[in-house]
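# Structural features, examined
One letter stands for each residue in the lines below.
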Amino acid sequence: MTYPVNMSVHPDVSAHFDPATNTISYIVKDPSSDHCAIVDSVMDIDYAAGRITYDHADRLIDEVRSRGLTLDWIIETHVHADHLSAAPYIQEKLGGKIGIGSKIMVVQETFGKIFNEGTEFQRDGSQFDALLEDGDTYRIGNMEAFAIYTPGHTPACMTHVMGDAAFVGDTLFMPDGGSARADFPGGDAGTLYDSIQKVLALPDDMRLFMCHDYGPNGRDIQWETSVGDEKAHNIHVGKGATREEFIKFRTERDATLDMPKLILPSLQVNMRAGEVPRDKDGNPMLKVPLSGL
Ligand SMILES: [Fe+2]
């Protein structure tokens, strides 16, 4: 697959860090128009209280409005397991189309079973406005964006490239953070390694924007690096680490990790494009299956 890389377009990227989930959401503006996209929004949840709020999403909405921008796309790099998407809330306020990788259907099939969802839960991705395949392009104003299929962390992960900026989701972390886990249902360390190579095959000066950062070794939170930097310094895949070395390391490391605190609500909401599921009486309701994960 050859991708339509265009390093001459430099979108303005505004980052919004969510300290509750260590997620970074982005507003990406076409340099030649007032159109933008939002990548990986966050809806706030107080899980213990069963309460949802929208402070983080409201900050994104306020910025889009105050800059007079038109929102074309609300992109999900994947079905996140550690935070809830605010995509439908943002869409209701600002418009825009919600896009995700077409392999969402695999994720919906897997978790539809684990959460014992009935037939009313569609597993065809129809909750989203656009299901993107590897190499598919879309427009943000005059700027062409495209998706690269980068599975491994989950089966539906995509990296989204907008001009000289790539949003890698959980494919890579900052060089000193390495890579994301590959042990969720449908994840695979070898596949993740192959996907990372696709990202590292982009031009060295391509800007890379992370979905998460945890400030390893006490450093301040960071979210932007470059392909060249990752190739030279990434602690898991930099300096030519082999596929075998990566699989061994990743598998051993993943066996030591706890499940993310918000995995159960996140999956149920995010596999529905950010809609909270409802019980038979129409009340918002989440499940806690005691087997399956
Ligand atoms: Fe993730």
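Residues numbered from 1 in each chain as written. Predicted model: local features only at pLDDT ≥ 70, side-chain atom pairs only at ≥ 80, totals over all residues.

Strand pairing within a sheet occurs via backbone hydrogen bonds; the two strands may be parallel or antiparallel. Strand order across the open sheet formed by 6 strands is S9-S10-S11-S12-S13-S14, with mixed pairing between neighbours. Of all the strands in the sheet, the pair left with one neighbour each is strand S9 (137-140) and strand S14 (224-226). Each adjacent strand pair in this sheet contributes to an overall mean axis angle of 30°, direction not counted. The pairing of S9 with strand S10 (residues 143-149) spans 4 bridges and is classified as antiparallel. What sits directly across from Ile140, in S10, is Met143. (Pairing = 2+ DSSP bridges. Helix = DSSP H or I, 4+ residues; strand = E, 2+ residues; numbered from the N terminus. Axes fitted to C-alpha atoms, helices over the stretch in contact; angles between N-to-C directions.)

The strand order across the open sheet built from 6 strands is S1-S2-S3-S6-S7-S8, with neighbouring strands paired in mixed fashion. Because the sheet does not close on itself, it has two edges, and the strands there are strand S1 (12-18) and strand S8 (130-132). Each neighbouring strand pair of the sheet contributes to a mean axis angle of 25°, computed without reference to strand direction. As defined by bridge partners, strand S3 (residues 35-39) adjoins strand S6 (residues 70-75) across 5 bridges and the pair is classed as parallel.

Now for the packing of helix H1 (residues 55-66) against helix H2 (residues 87-94). When two helices pack together, you describe them by how their axes are tilted relative to each other and by the distance separating the axes. Put simply, H1 and H2 touch, their axes get as near as 10 Å, and they point 30° apart. Considering their axes alone, H1 and H2 lie roughly parallel with respect to each other. Regarding H1 and H2, the two cross each other, and that crossing is right-handed. Counted together, Ala57, Leu60, Ile61 and Val64 of H1 and Tyr89, Ile90, Lys93 and Leu94 of H2 form the full contact between these two elements. Looking at the contact of H1 with H2, its residues break down into 7 nonpolar, no polar and 1 charged. (Parallel < 35°, antiparallel > 145°, perpendicular 65-115°, else oblique. Left-handed = near helix turned anticlockwise from the far one by under 90°. Contact = placed C-beta atoms within 7 Å. Nonpolar A, V, L, I, M, F, W, Y, C, P; charged D, E, K, R; others polar.)

For the rest of this paragraph, the subject is the nonpolar core. As a rule of thumb, soluble globular proteins bury nonpolar side chains together. Judged by nonpolar contacts, the single largest core of 75 residues is most densely connected at Tyr26, Val28, Ala37, Ile38, Ile90 and Ala166. No other element matches S10, which puts 6 residues into this core. Dropping the residues within four chain positions of it, Val28 is found in contact with Pro11, Val13, Cys36, Ala37, Val39, Ile140, Met162 and Ala165. (Core = buried A, V, L, I, M, F, W, Y, C linked by C-beta atoms within 7 Å. Buried ≥ 20, exposed ≤ 12 C-beta atoms within 10 Å, placed from the backbone.)

On to the environment of Asp170, then. Secondary-structure assignment places Asp170 in the loop between strand S12 (165-167) and helix H4 (189-200). Under the C-beta neighbour-count criterion, Asp170 is labelled buried, with 26 such atoms within 10 Å. For the pair Asp170 and Ala182, spaced 12 residues apart in the sequence, the C-alpha separation amounts to 9.8 Å. Contacts of Asp170, omitting those with residues within four sequence positions, involve His78, His153, Cys157, Ala180, Cys211 and His212.

Once that is clear, we can look at unusual backbone geometry. Non-glycine residue Asn116 carries a positive phi angle of around 45°. Secondary-structure assignment places Asn116 in the loop between helix H3 (104-114) and S8. The residue Asn217 is not glycine, and still its phi comes out positive at about 55°. For Asn217, the position within the fold is in the loop between strand S13 (207-209) and S14.

Our focus in this paragraph is H4. Here H4 spans 16 Å end to end across 12 residues, near enough to the 16 Å set by a 1.5 Å rise per residue. Taken together, the buried positions of H4 are occupied by Ala189, Leu192, Tyr193, Ser195, Ile196 and Val199. End-on, the buried residues of H4 take up no more than an arc of 165°, which puts them together on one face. Buried-residue contacts for H4 involve strand S11 (158-162), S12 and helix H6 (243-254). (Expected span 1.5 Å × (residues − 1). Arc of directions from axis to C-beta.)

Burial of S6 is extensive: 5 of the 6 residues sit out of reach of the surface. Sheet topology places S6 next to strand S7 (residues 97-101); 3 bridges connect them, and they run parallel. Note on S7: the bridge partner recorded for Trp73 is Lys97. Chirality of the crossover, the property in question, places the unit of S6, H2 and S7 among those that are right-handed. (Right-handed = clockwise from strand over helix to strand, strands pointing away.)

The next thing to look at is the environment of Asp183. By the element assignment, Asp183 lies in the loop between S12 and H4. A C-alpha to C-alpha distance of 7.3 Å links Asp183 and His153, two positions 30 residues apart in sequence.

Let us look at the packing of H4 against H6. Direction vectors running N to C along H4 and H6 enclose 130°, while the axes themselves pass 9 Å from each other. One finds that H4 runs oblique with respect to H6. The chirality of how H4 crosses H6 is right-handed. Between H4, through Ala189, Gly190, Leu192 and Tyr193, and H6, the contact on the second element is made entirely by Arg243, Phe246, Ile247, Arg250 and Thr251. Classifying every residue of the contact of H4 with H6 by side-chain character gives 5 nonpolar, 2 polar and 2 charged.

Geometric values such as these leave the question of function open.
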